[in-house]
Amino acid sequence: EKETSNVDENTTSSLPSVGYRLYVDIGREDGTWMDPRWGASGKRIEFTIDVDFLTSDGGEASMASGDVVKRMVKDNFGGTSSPVYVLNSSPNARLRGGFDKMKCQGGAYRIDYGQGG
């Protein structure tokens, strides 16, 4: 566990966290059910970002504020969603092997389950 700060622009926290480096590759995949126009150029966005899943003093995930919860996409129509938890990120994601960067801000996450849960 490590100490964190700058959860988002308006909040700071000294809660312990579990951190990960995520390698993300976004683009159209063969056999996708997405609209054929999505990603038709064949270009991809590849980046690396460091994220921290904030926890409370008891080791439980830290709940996001009501303001953050309201901004979450509501797209799990047939299943169950977990509560929304705080996600801290580095100020920038590294694009294309670290030569460019993309501004980031903290946010939140939830886990969606299918109908079987």
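Scroll up for the structure.
Let us look at the structure shown here. In this text, all values refer to a predicted model and were calculated from it rather than measured experimentally.

Close approach of charged atoms lets side chains of opposite charge pair. Summed over all chains, the structure comprises 7 salt bridges. Note that D75 is salt-bridged to R110, the shortest N-O span being 2.7 Å. Of this pair, D75 sits in the loop between α1 (66–70) and β4 (80–81) while R110 sits in the loop between β8 (107–109) and β9 (112–113), and the two are 35 residues apart along the sequence. Sharing partners across several salt bridges, the network here consists of R21, D50 and R94.

This part covers the layout of surface pockets. Of the volumes computed, that of the second largest pocket is approximately 190 Å³. In terms of lining, the second largest pocket is formed by 13 residues, of which the most central are I49, V51, L87, S89 and Q105. Secondary-structure elements contributing two or more residues to the lining of the second largest pocket are β2 (16–26), β3 (45–54) and β5 (85–89). Broken down by element, the lining of the second largest pocket gets its largest block of residues, 4 residues, from β3. When its residues are assigned to classes, the lining of the second largest pocket shows 9 nonpolar, 4 polar and no charged.

Rules used in this analysis
- One numbering rule holds for all chains: residues counted from 1, following each sequence as written.
- Local features in this predicted model are restricted to residues whose pLDDT is 70 or higher, and side-chain atom pairs enter the listing and the counts only when it is 80 or higher, whereas totals over whole chains, interfaces and linings include all residues.
- Based on all heavy atoms of the structure, the side-chain values leave hydrogens and waters out of the count.
- Here a salt bridge means any side-chain nitrogen of Lys or Arg lying within 4 Å of a carboxyl oxygen belonging to Asp or Glu.
- In this description a helix means any DSSP run of H or I spanning at least four residues, a strand means any run of E spanning at least two, and both kinds are numbered starting from the N terminus.
- Here a cavity denotes a set of grid points, spaced 1 Å apart and computed over the protein atoms alone, in which a 1.4 Å probe fits but from which it cannot get out, and a pocket denotes an open set meeting protein on both sides within 12 Å along at least five of seven lines; residues with an atom within 4 Å of a point are reported as lining.
- Grid points are joined across faces, edges and corners, and a volume is the space filled by probe spheres set on the points.
- Each residue gets one of three labels, nonpolar for Ala, Val, Leu, Ile, Met, Phe, Trp, Tyr, Cys and Pro, charged for Asp, Glu, Lys and Arg, and polar for the others, Gly among them.

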